[in-house]
Amino acid sequence: MARRRKGRAIDGILLLDKPLEISSNQALQKVKRAFLAAKAGHTGALDPLATGMLPVCLGEATKFSQFLLDADKTYIVTAKLGVRTTTSDADGDVVETHDVNVTEQQLKEACETFKGPIKQVPSMFSALKHQGKPLYHYARQGIVIEREARDITIFSLNITRFEGDEVDMEVHCSKGTYIRSLVDDLGQLLGCCAYVSKLHRTAVADYPSEKMVTFEKLESLLEKAQAEQIPLTDILDPLLIPMDSAVKALPSVHLSPVARDSFLHGQPVPYESEELVAKGTLVRTYCTQGQVFLGVSEIDNDNKAAPKRVVVFSPQG
């Protein structure tokens, strides 16, 4: 039996500009193939209807994807008023229609009620798991599962266009926010129903949108690499953002070269820090020699850096 090719050990994060009508997993697999990567993972799914920033973690960066899953996000959404669908987006079946007699002032006042910490009931068409299966698995069979309201925060919700039965909004929100549910709830509050007709994610954490890469750019670079016999390390790898960017929000500590070796073997070690770090704090961990990122540790009761997520270095790295 032939051995499967492992792919190459490439570590970093690609900010993919996901196009329409492709799932996040399909997008992930395309990126993985393009980079010939051994391992890849994304950091929070976008529906096929949605476009925009999808950070794809390659190699050891997958160990830190949860930190981006937990990060704030920003979206531009177009809501269609007067119609409610089964999925709260354009892919669902229409279940309710109403005349739209909403003023801009009423719309602004309704949006204000969603700002700040709120409770949100996730959509049945979300990827949240129930007994090991995503909710949308049950929804497609017409089964409704009782869902608990979750704590989320809407940091800002700004109307950028209101014409007829369409509203454009920019939403900055916490992890766990479902924009489809937000728009459906807004439609219910206005008494006219609403669903998401367009959705574009502009930001995850503080990653810059100008760093996003399209599939068209990836394909053109791959063609150039093939035509001019340029190694992927020279033509694609420069697109990657360092993996420690995923944990940029954490404070940092540094280890001596001696402590580094013990840390990489899973042992809590003494650390250096310019600021006092409280016990129980998760920290970015570097080696003082070369400022190499080693992973994420937690300050333990002995005031040592205890490994939580450790980078495994390839033989050539």
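Quantities reported herein were computed from a predicted structural model and do not represent experimental measurements. Here the residue numbering is sequential within each chain, running from 1 through the sequence in written order. Residue-level local features of this predicted model are given only where pLDDT is at least 70; pairs of side-chain atoms are given and counted only at 80 or more, and the full residue set underlies all totals for whole chains, interfaces and linings. Hydrogens are left out, water is left out, and the side-chain values use all remaining heavy atoms of the structure.

Peer 1: Sorry if this is basic, but what is going on with the packing of aromatic side chains here?
Peer 2: Two aromatic rings, taken as a pair, are described by how far apart their centres are and by the angle between their planes. Put simply, two rings from Phe, Tyr or Trp (the six-membered ring, in Trp's case) pair if the centres are within 6.5 Å, and we call them stacked under 30 degrees between planes, edge-to-face over 60, tilted for the rest. As enumerated under the stated definition, the model contains two aromatic pairs in all. Considering the side-chain rings of Tyr 286 and Phe 293, the 5.5 Å spacing of their centres and the 55° angle between planes classify their relative orientation as tilted. Exposure remark for Tyr 286: the relative accessible area of 8% places this residue in the buried category. Here Lys 30 stacks its cationic end above the ring of Phe 215, 4.2 Å away from the centre of that ring. Counted as over-ring charges are cases with an Arg CZ or a Lys NZ within 6 Å of the ring centre that also lie within 35 degrees of the ring normal. Cation over ring: Arg 260 sits above Phe 313, and NZ or CZ is 5.6 Å from the ring centre. Relative accessibility thresholds used throughout: buried, under 20% of the residue-type maximum; exposed, over 50%; partly exposed, between the two (1.4 Å probe, protein chains only).

Peer 1: What should I look at first to understand the UniProt feature "domain: tRNA pseudouridylate synthase B C-terminal" (unreviewed entry) in the protein chain in this one?
Peer 2: UniProt positions are given in the numbering used here, feature names are shortened, and annotations may be inferred rather than shown by experiment. Here the UniProt-annotated "domain: tRNA pseudouridylate synthase B C-terminal" (unreviewed entry) positions come out as residues 180-247. Annotation note: span residues 180-247, helix share 43%, strand share 16%, distance between end C-alpha atoms 28 Å. Secondary structure elements are defined from DSSP: runs of H or I of at least 4 residues count as helices, runs of E of at least 2 residues count as strands, and each element is numbered from the N terminus.

Peer 1: Mind showing me how you'd approach the nonpolar core here?
Peer 2: In a soluble, globular protein the nonpolar side chains are often hidden away together inside. Core analysis: the biggest nonpolar cluster contains 52 residues, and Leu 14, Val 31, Phe 35, Met 169 and Leu 218 have the highest contact counts within it. Any two residues having at least one pair of non-hydrogen atoms within 4.5 Å are treated as being in contact. In this structure Leu 14 touches Val 31, Phe 35, Leu 54, Pro 55, Val 56, Val 213, Leu 218, Leu 239 and Leu 240, once residues within four positions along its chain are discounted. Formed by 20 residues, the second largest nonpolar core is a distinct cluster that contains Leu 15, Cys 57, Leu 68 and Ile 241. What is meant by a nonpolar core is a set of buried Ala, Val, Leu, Ile, Met, Phe, Trp, Tyr and Cys residues, joined one to another through side-chain atoms within 4.5 Å.

Peer 1: Honestly, the packing of helix α1 (residues 24-35) against helix α6 (residues 215-228) in this entry has me stumped. Any pointers?
Peer 2: Describing two packed helices takes the angle between their axes plus the distance from one axis to the other. Axis lines are fitted through C-alpha atoms, for helices just across the contact stretch, and the angle between N-to-C directions can take any value from 0 to 180 degrees. α6 packs onto α1 with a crossing angle of 20° between their chain directions and a minimal axis gap of 11 Å. Between α1 and α6, the interaxial angle falls into the category roughly parallel. With respect to the hand of their crossing, α1 and α6 are arranged in left-handed fashion. Of the residues in α6, those touching α1 at Ala 27, Lys 30, Val 31, Ala 34 and Phe 35 are Phe 215, Leu 218, Glu 219 and Leu 222. Residue polarity follows a fixed list, in which Ala, Val, Leu, Ile, Met, Phe, Trp, Tyr, Cys and Pro are nonpolar, Asp, Glu, Lys and Arg are charged, and the others, Gly among them, are polar. For the contact of α1 with α6, the per-class residue count stands at seven nonpolar, no polar and two charged. Comment on the angle field: the value is read as roughly parallel under 35 degrees, roughly antiparallel over 145, roughly perpendicular from 65 to 115, and oblique elsewhere. Note: crossing handedness is left-handed where the near helix turns anticlockwise from the far helix by less than a right angle, and right-handed where it turns clockwise.

Peer 1: So what exactly am I meant to see when it comes to the pairing of strand β12 (residues 194-204) here?
Peer 2: Sheet faces and side chains relate simply in a regular strand, where the side chains alternate between the two faces. The buried fraction of β12 is high, at nine of 11 residues. Pairing of strand β4 (residues 73-81) with β12 involves nine bridges; the strand directions are antiparallel. Bridging from a neighbouring strand, Thr 74 pairs with Ala 203 of β12. A pair of strands is treated as paired once DSSP finds two or more bridges between them.

Peer 1: Explain the environment of Leu 128 here, please?
Peer 2: Within the fold, Leu 128 resides in the loop between β7 (116-120) and β8 (129-130). A sequence separation of 19 residues divides Leu 128 from Arg 147, and the C-alpha atoms of the two residues are 9.7 Å apart. Those residues in contact with Leu 128 that lie beyond four places of it in its chain are Pro 122, Lys 133, Pro 134, Leu 135, Arg 150 and Tyr 178.

Peer 1: Would you mind showing me how to read α6 here?
Peer 2: For a helix, the expected span equals 1.5 Å multiplied by the number of residues minus one. With 14 residues, α6 ought to run about 20 Å at 1.5 Å a step, and its terminal C-alpha atoms sit 20 Å apart, in line with that. Here α6 has its buried residues at Phe 215, Leu 218, Leu 221 and Ala 225. Taken around the axis of α6, the buried residues stretch over an arc of 125°, which confines them to a single face. Seen from the buried face of α6, the exposed residues on the opposite side, beyond 90 degrees, are Glu 216, Glu 223 and Ala 227. Tucked into the core, α6 has its buried residues touching β1 (12-18), α1 and α7 (232-235). Of the residues flanking the end of α6, it is Gln 229, one or two places downstream, whose phi is positive at about 55°. What the arc covers is the set of directions going from the helix axis to the C-beta atoms.

Peer 1: Sorry if this is basic, but what is going on with the sheet that holds strand β15 (residues 292-299) here?
Peer 2: Strands in a sheet are paired, the pairing made by backbone hydrogen bonds, and the direction either parallel or antiparallel. Overall, mixed pairing links the four strands, which are arranged β13-β14-β15-β16 in an open sheet. Strand pairing shows two members of the sheet lacking a second neighbour, β13 (252-255) and β16 (305-310), which therefore form its edges. For this sheet, the mean inter-axis angle between neighbouring strands, taken without regard to orientation, is 45°. Relative to β16, β15 runs antiparallel, the two sharing five bridges. Within β16, the residue paired with Ser 297 across the bridge is Pro 307.

Peer 1: Is there a simple way to explain the environment of Phe 67 in this structure?
Peer 2: Tracing the sequence through the fold places Phe 67 in helix α2 (residues 65-69). By relative accessible area, Phe 67 is classed as partly exposed at 23%. Placed 234 residues apart in sequence, Phe 67 and Asn 301 show a C-alpha to C-alpha distance of 23 Å. In contact with Phe 67, not counting residues within four places along its chain, are Ala 246, Val 247, Leu 250, Leu 282 and Val 296.

Peer 1: How should I be thinking about the side chain of Ser 174 in this particular structure?
Peer 2: Along the polypeptide, Ser 174 turns up in the loop between β11 (166-173) and α5 (179-190). Owing to a relative accessible area of 12%, Ser 174 belongs among the buried residues under this scheme.

Peer 1: Before we go on, may I ask you to explain the pattern of salt bridges in this structure?
Peer 2: Oppositely charged side chains may form a pair once their charged atoms are brought near each other. The term salt bridge refers to a side-chain nitrogen of Lys or Arg lying within 4 Å of a carboxyl oxygen of Asp or Glu. What the rule picks out here adds up to 18 salt bridges. Between Lys 63 and Glu 60 there is a salt bridge whose closest N-O contact spans 2.7 Å. Of the residues examined, Glu 60 reaches a relative accessible area of 9% and is grouped as buried. Close ionic contact of Lys 80 with Asp 165 constitutes a salt bridge, the shortest N to O distance being 3.4 Å.

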